[in-house]
Amino acid sequence: MDSAGQADINLNSPNKGQLPDFMIDVPVGPGVAAQTPAVEQGLTEAEEEELRTELAKVEEEIITLRQVLSAKERHCGELKRRLGLSALGELKQNLSKSWHDVQVSNAYVKTSEKLGEWNEKVTQSDLYKKTQETLSQAGQKTSAALSTMGSAISRKLGDMSSYSIRHSISMPAMRNSATFKSFEDRVGIIKSKVVGGNENGSDSFPGHADPPLPDHAPF
């Protein structure tokens, strides 16, 4: 490491605790509170003094490490800012890495294998196969019924359309035929005789003979 930009954290160094200039403004947290109970029985004054001296050194080292950590965190944030690394991108990267770690973990692999075994057992069971066959047959029957009903409806509509066309074509042709005209003439003659007879009190016009009927009737 570059000694000019790093704090000397060698616990045995005479310069321990001395920070570079860019770390001077780092706030220093309070030391570890000395919440010690009563002095241990059997310690001499020299031992107690030695322990207190060691405690002071440990507290000083903790403060130094906190200062170094805070400075490192600020430096890391500055580097990320200059590289354009956002907190969201870092979060995505961490989540992706965490998910990868989960996937390669033994618990995940064992669970996946167990689920695969269960799925294979279920799909190979007789109940699953029967259920699948029943559903398939029901679907085929439904499709066939719908197809048959559609064909019947189409055929019925076609028959009705053909009947309407034939009826519209045959009526004028029948009225123009010789047989239909002969029948109309015969009906007209009979109607004239009936109407005339009612008016004159007889079945025929006086002084007029009935017109002769054709030798061969059309009906």
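Residues numbered from 1 in each chain as written. Predicted model: local features only at pLDDT ≥ 70, side-chain atom pairs only at ≥ 80, totals over all residues. Heavy atoms only, no water.

Let's talk about the overall build of the protein
How we decide: Counting from the N terminus, the helices are DSSP H or I runs at least four residues long and the strands are E runs at least two residues long. Any two residues having at least one pair of non-hydrogen atoms within 4.5 Å are treated as being in contact. Here, Shrake-Rupley sampling with a 1.4 Å probe gives the accessible areas, and only protein chains in the shown set may cover a residue.
When helices and strands are tallied, the protein shows five helices and zero strands. Overall, the protein shows an N-to-C arrangement of helices and strands of α-α-α-α-α. For the protein, restricting intrachain contacts to residue pairs at least 6 apart in sequence, the fraction spanning at least 24 positions comes to 44%. Summing over all exposed atoms, the protein offers an accessible surface of approximately 18600 Å²; the carbon and sulfur share of this is 58%.

Thoughts on a nonpolar patch on the surface
Going by this rule: Like-charged residues within 9 Å of one another, or nonpolar side chains (Val, Leu, Ile, Met, Phe, Trp, Tyr) within 5 Å, are grouped into patches, provided each residue has over 30% relative accessible area and no salt bridge. The term salt bridge refers to a side-chain nitrogen of Lys or Arg lying within 4 Å of a carboxyl oxygen of Asp or Glu.
On the surface, L146, M149, I153, L157 and M160 cluster together to form a nonpolar patch covering roughly 520 Å² of accessible area. With respect to the element layout, M160 can be found in helix α4 (residues 126-175).

Points about the UniProt feature "coiled-coil region" (unreviewed entry) in the protein
Selection rule: UniProt positions are given in the numbering used here, feature names are shortened, and annotations may be inferred rather than shown by experiment.
In this numbering, the UniProt entry assigns the feature "coiled-coil region" (unreviewed entry) to residues 41-75. The span residues 41-75 is 89% helical and 0% strand by assignment, and the distance between its end C-alpha atoms comes to 48 Å.

Regarding the pattern of salt bridges
Selection rule: Buried means the residue's accessible area, taken with a 1.4 Å probe over protein chains only, is under 20% of the maximum for its type, while exposed means over 50%, and partly exposed covers the values in between.
In the structure shown here, the tally under the stated rule is three salt bridges. Here D101 and K97 are joined by a salt bridge, their closest N and O atoms 3.4 Å apart. Of this pair, D101 and K97 both sit in helix α2 (residues 87-103), separated by four residues, roughly a single helical turn. On the basis of relative accessibility, which here comes to 36%, the residue D101 falls in the partly exposed class.

Description of the confidence of the model for the protein
In low-pLDDT regions, the fine details of the predicted coordinates are not to be read closely. Applicable threshold: Per-residue confidence from the predictor is given as pLDDT, running between 0 and 100.
Per-residue pLDDT for the protein has a mean of 75; in total, 64% of the residues score no lower than 70. Mean pLDDT across the elements of the protein ranges from a minimum in helix α5 (residues 178-200), with 74, to a maximum in helix α1 (residues 45-83), with 94. For residues 1-7, every residue scores under 50 in pLDDT, and the model assigns this stretch twelve contacts once sequence neighbours within four places are set aside. Contacts of residues 202-208 to residues separated by more than four positions or lying in other chains number nine contacts, the stretch itself having pLDDT below 50.

Here we look at α1
Quick note on the threshold: Helix span, as expected, comes to 1.5 Å for every residue beyond the first.
An ideal rise of 1.5 Å per residue puts 57 Å on 39 residues; α1 measures up with 57 Å between its terminal C-alpha atoms. Phi turns positive, to about 75 degrees, at G84, one or two residues after α1.

Things to note about a negative patch on the surface
Rule in force here: In this tally, Asp and Glu contribute negative charge and Lys and Arg positive charge; neither His nor the terminal groups of the chain are included. Lys charges are placed at NZ, Arg charges at CZ, Asp charges at CG and Glu charges at CD.
Negative charge collects at one region of the surface, where E40, E47, E50 and E54 lie side by side. Residue position: E50 is located in helix α1. E50 sits in the exposed class, given a relative accessible area of 55%.

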